[in-house]
Amino acid sequence: MKPLSTTALLLLALASCRNLPSAIPAVPPQVEGGATPALARLNPSDVVVAPIEFAAEGITAPEGALREAAAMTLAEHRYAPLSIAFVDGTLPPGGGAGVMEASYRPGTLGEDAVLRTVVHGWDTSNWRSKRWLEVDLEFVLESPSAAQGVLWTARCTRRFDLRTEVRLAVNEAGRQEAACREIVKWTFSGLPDRTVRPEGR
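Trainee: Got a sec to walk through the side chain of Arg-181? Specific residues and values, please.
Mentor: For Arg-181, the location among the structural elements is in helix H7 (residues 172–187). Here Glu-76 takes part through its side chain, which lies 2.2 Å from a polar atom of the side chain of Arg-181. Not counting the four nearest positions on each side in its chain, Arg-181 is found in contact with Ala-69, Met-72, Thr-73 and Glu-76.

Trainee: Lay out unusual backbone geometry in plain terms, naming residues and giving numbers.
Mentor: Positive phi, normally seen in glycine, also occurs at Asn-43, with a value near 45°. Structurally, Asn-43 can be placed in the loop between helix H2 (37–42) and strand S2 (46–49). Taking relative accessible area as the criterion, Asn-43 reaches 5% and is therefore assigned buried. In this structure, Arg-131 takes a positive phi of about 60° despite not being glycine. Relative to the elements of secondary structure, Arg-131 occurs in the loop between helix H5 (127–130) and strand S7 (132–142).

Trainee: Please set out the pattern of salt bridges residue by residue, giving values where relevant.
Mentor: Evaluation of the coordinates by the stated rule reveals 6 salt bridges. Two residues, Arg-181 and Glu-76, come together in a salt bridge whose shortest N-O distance is 2.2 Å. Remark: Glu-76 occurs in helix H3 (residues 63–76) and Arg-181 occurs in helix H7; sequence separation between them is 105 residues. What makes Glu-76 buried here is its relative accessible area of 19%. With a shortest N-O distance of 2.4 Å, Asp-161 and Arg-163 are connected by a salt bridge.

Trainee: Tell me about the side chain of Thr-73, and please be specific about residues and values.
Mentor: Structurally, Thr-73 can be placed in helix H3. By relative accessible area, which is 0% here, Thr-73 ends up buried. One polar contact links Thr-73 to Arg-181, side chain to side chain, over a distance of 2.9 Å. For Thr-73, the contacting residues outside a window of four places in its chain are Arg-181, Val-184, Lys-185 and Phe-188.

Trainee: Explain the packing of aromatic side chains to me, using residue names and the numbers behind them.
Mentor: Using the criterion set out here, one finds 3 aromatic pairs in the structure. Centre to centre, the rings of Phe-160 and Trp-186 are 6.1 Å apart; their planes meet at 85°, and the pair counts as edge-to-face. Taken as a pair, Phe-160 in strand S8 (residues 150–161) and Trp-186 in helix H7 lie far apart in primary sequence, 26 residues in all.

Trainee: So what about the environment of Gly-190? Which residues, and what values?
Mentor: By the secondary structure assignment, Gly-190 is in the segment after H7. Overall, Gly-190 belongs to the exposed group, its relative accessible area being 52%. Sequence spacing of Gly-190 and Ala-154 is 36 residues, and the spatial spacing of their C-alpha atoms is 8.2 Å.

Trainee: Account for H3, naming residues and giving values.
Mentor: Across its 14 residues, H3 extends 20 Å between first and last C-alpha, which sits within 8% of the 20 Å expected from 1.5 Å per residue. Across the 14 residues that make up H3, a large majority, 10, are buried. Buried within H3 we find Ala-65, Leu-66, Arg-67, Ala-69, Ala-70, Ala-71, Thr-73, Leu-74, Ala-75 and Glu-76. Within two residues after H3, Arg-78 carries a phi angle of roughly 75°, on the positive side.

Trainee: Describe the nonpolar core, naming the residues involved and giving the relevant values.
Mentor: In a soluble, globular protein the nonpolar side chains are often hidden away together inside. Counting 39 residues, the largest nonpolar core has Leu-66, Leu-115, Val-119, Trp-122, Trp-152 and Phe-188 as its most contacted members. Every element with two or more residues in this core is listed here: H2, S2, H3, strand S6 (113–123), S7, S8 and H7. Ranked by residue count, the leading element in this core is H3, at 6 residues. Core analysis: the second largest hydrophobic core is formed by 8 residues, Val-48, Leu-82, Val-87 and Tyr-104 among them.

Thresholds applied
Residues numbered from 1 in each chain as written. Predicted model: local features only at pLDDT ≥ 70, side-chain atom pairs only at ≥ 80, totals over all residues. Heavy atoms only, no water. Helix = DSSP H or I, 4+ residues; strand = E, 2+ residues; numbered from the N terminus. Polar contact = N/O pair within 3.5 Å; in protein donor to acceptor, adjacent residues only side chain to side chain. Contact = heavy atoms within 4.5 Å. Buried < 20%, exposed > 50% of the residue type's maximum accessible area, 1.4 Å probe, protein only. Salt bridge = Lys/Arg side-chain N within 4 Å of Asp/Glu carboxyl O. Phe/Tyr/Trp six-rings, centres within 6.5 Å; stacked < 30°, edge-to-face > 60°. Expected span 1.5 Å × (residues − 1). Core = buried A, V, L, I, M, F, W, Y, C linked by side-chain atoms within 4.5 Å.

So, in structure tokens, the structure goes:
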């Protein structure tokens, strides 16, 4: 059995007892994309959250916080993200995040799907003074099989006012985690929940 993230295990346990609500924002999200028919057909369970990709040189973002937020949000939608440390253990030396670098080879861990995250923009010019972030993020959930291809996409380009979400954080790392959690939760609001079937699939 492939190791799941700790958060995924907890959330999946809750999902077995009750329906978990989708993260639906109060205001419709500014998100482009959606699910393809292949998502319902494949109904993936185990998902690899791949290392962050950057669309251009010079772009930076809190990579670890973004990946952890993606894993947590996938679990809330009843998917089973594999442990990020487990995934990273399969990467070649120097095979971390990069400019559109395909550092994870799909299918290596026998997963059902891979989530790719591409950062096109991460503007922090108003972060310290106003706790605003202007982001351009693209998420692609795809099957390791070329026959199934892309399952779901979401691209979010907007400014987030995160004063409320980060107010209880005690340090910058905590603020980054809270910010990424809110941004990813918003962007994934249109991701259909995985269908949990009696046989566990």
